[in-house]
Amino acid sequence: MSTGFGPADAGAHTRAAAGSRLRPADLWPVAIAGLVIRPARSLLSALGIAVGIATMVAVLGISASSRSQLVAEIDALGTNLLTVTPNQPFATTSATLPVTAPGMIARIGPVVDAAAIGDVAANVYRSNQIPAANTNAISVYWAQPGLLHTLQGQMAKGSFLTAASTRFPAVVLGPYAAQALGIDRADGSALVWIGNHWFAVTGILDQLALAPELDRAALIGQPVARQLLHAGVRPVQVYVRTNPAAVPAVEAVLAATANPGAPQDVAVSDPADVLTAREDATTAFQGLFLALGAVALLVGGIGIGNVMVIAVLERRNEIGLRRALGASRRHISLQFATEAVLLAGAGGAVGAALGAIATAAFAATRHWQAVVSLPSLAAAVGIALAVGALAGLYPAVRAAQLPPAEALRMT
Amino acid sequence: MTALAMTDVTKIHPGARPVTAVSSVTLAVEPGDFVAVIGPSGSGKSTLLALAGTLERPTTGSIRIAGHAVDRLTDREVAGIRAASIGFVFQHFFLLPGLSALDNVATGLLYRGIPGSHRRAAAVAALDQVGLAHRATHRPAELSGGERQRVAIARAIVGEPAIILADEPTGSLDSAAGAGVLAILASLNERGVTMLVVTHNPDIAAAAHRTIRLRDGLVEHDSETA
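This is a predicted model, so every value here is computed, not measured.

(A) Structural view of the overall build of chain A. Helix and strand counts for chain A come out as 14 helices and eleven strands. Seen along its three principal axes, the alpha-carbon backbone of chain A occupies a region of about 115 × 45 × 40 Å. Here chain A, with 411 residues, has 44% of them falling under the buried criterion. A fraction of 84% describes how many contacts in chain A between residues 6 or more apart in sequence connect residues 24 or more apart.

(B) Examining the interface of chain A and chain B more closely. Taken residue by residue, the interface counts 37 residues in chain A and 43 residues in chain B. When its residues are assigned to classes, the side of chain A that touches chain B shows 19 nonpolar, ten polar and eight charged.

(C) Region of interest: the sheet that holds strand β1 (residues 4–13) of chain B. All names here are of chain B. Spatially, four strands are ordered β2-β1-β4-β5 in an open sheet, and the strand pairing comes out antiparallel. One side of each edge strand has no neighbouring strand; the edge strands of this open sheet are β2 (19–29) and β5 (68–69). Alignment of β1 against β2, held across seven bridges, turns out to be antiparallel. When the sheet's bridge partners are listed, Ala 5 is paired in β2 with Ala 28.

(D) Structural detail: the sheet that holds strand β3 (residues 34–38) of chain B. Residue and element names in this part refer to chain B. Across the sheet, six strands lie side by side as β6-β7-β8-β3-β9-β10; this open sheet has mixed pairing. Both outer strands of the open sheet, β6 (86–89) and β10 (218–222), are each paired with one neighbouring strand and no more. Along the sheet, successive strands turn relative to each other by an average axial angle of 20°, direction set aside. With four bridges connecting them, β6 and strand β7 (residues 163–167) associate as parallel partners. Opposite Phe 88, over in β7, you have Leu 165 as the bridge partner. Packing against the sheet, helix α5 (residues 145–157) makes contact with β6 and β7, and its axis sits at approximately 170° to β6.

Reading guide: rules and limits
- Residues numbered from 1 in each chain as written.
- Chains lettered and ligands numbered in written order.
- Predicted model: local features only at pLDDT ≥ 70, side-chain atom pairs only at ≥ 80, totals over all residues.
- Helix = DSSP H or I, 4+ residues; strand = E, 2+ residues; numbered from the N terminus.
- Buried ≥ 20, exposed ≤ 12 C-beta atoms within 10 Å, placed from the backbone.
- Contact = placed C-beta atoms within 7 Å.
- Nonpolar A, V, L, I, M, F, W, Y, C, P; charged D, E, K, R; others polar.
- Pairing = 2+ DSSP bridges.
- Axes fitted to C-alpha atoms, helices over the stretch in contact; angles between N-to-C directions.

Right, here's the structure in full:
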């Protein structure tokens, strides 16, 4: 007989003394063979990891998609809008800005547009028959005609206030205000009751992403507000559109320009920052879902560890046989650790794919652009592999420590 | 070179009441030998085989396999000696259920770092030697008991080890299948394969060149030295 691998073969003795050897290329087929022989169990134990990874990938993907959508929206609106408001938290009367503020601000070089609104101490009603308490939480402001342009807003219906219409009882409603009042016409035929006077609705605004406070507002001209409703002329808020390159410079001088005598009484804010901050606040929920995903991953890892411990008990004879065929303790532990890593890796890959699909599906329902980054998918699979390695550690060590003669005993 | 040499080997299983399974056994198996180890249950036959196969380490005494003293070797080195110099045949075959007969035989070379294509080529030759070339693609579940044991024998000889250690190779087989397995062992021995067989089967004992009878861990009778 001659297969060419006998001790007579040159170098066989030195090989034996050098120790047993398992080619790395042979480790994978051995581990895969151990998994495919029990397909249902392997699938179920990989499923736990898949659920955990899918949850984490989807949560991160959806949040990234939503954020990138918001950034795109803000960019479309322009990130060069600033607002100026009074900063007098302990004022006894309602806090206002100096009358001169809008004009002074408009004279700052890089400022392209500035428009002010002011308080009107009145409420708006559908008619004079409505009880005074039913204000619908709509605020009434006077507004300068340039406001729409400064905000780069759009009209849903009708037109915005003009220099002419500010002298007459005409009102422009925010979209929620119009909805609350039940008004869907802006041709001047619909009237609302403001502070004992009838005002004709001449415009309904579209939603203003950068000035959501105006969505529930009724805007009238400043002259008519002073004349009919005895409103003050001091503004409560000035919207400022600047040259995009000069936003920080303008931001730095706005307070002193608006109120040179008391710049500390002026607050300057960037609505885009406010929106992103609000978005960031939702990461509290994101953290919760991530934690849920991590728990699922942990449970999946424990499941794999459990399945591998059972496999070591069930496959004692195989372990004994492999030891008899020349496997070292290290080869046995490598085999079982590789099986655990393969299970977790397969679960992780499936989970990452499911998470990406869930992200794409969710983004599609919102008409967003789905953001699924390859590095994050790779990281997810990497986490799964690490979980598998941890889960396989104990069973692998137990398998390796089994004395071969005992492992070969029939149970 | 002596295939297996045991010198004053004693194995005491520790515990609350230590058991002396093998006591001061000295024996040598030369290349080409066919040795049967017989004796009643509990006489230490299986422990002797496990010691000879380095599956257990002796409490005292020394063991050499194909010239290698195994006493002070590391786990990896001893595993290397099993991979290169020892072929095992077990009563319960221990074939891997997911693999074909051919792949089971090729597994006999897995831990010697031999590439897969070479392993399979050698496995084809070994299967042929046990008369199962036509069953190469069958899974163990599709084979009879006798065929399974012949696949296991092919797995033991595929690496041309210095010695084959068989533990009750016919113990799970009916007499016809047992006779077939014995015929294969005998024909392998005729072609030079060295064998140490632990058995209750009187036919194997009769076919062997030499019988060693154990009782209570001691060599009671050795046909060579008697």
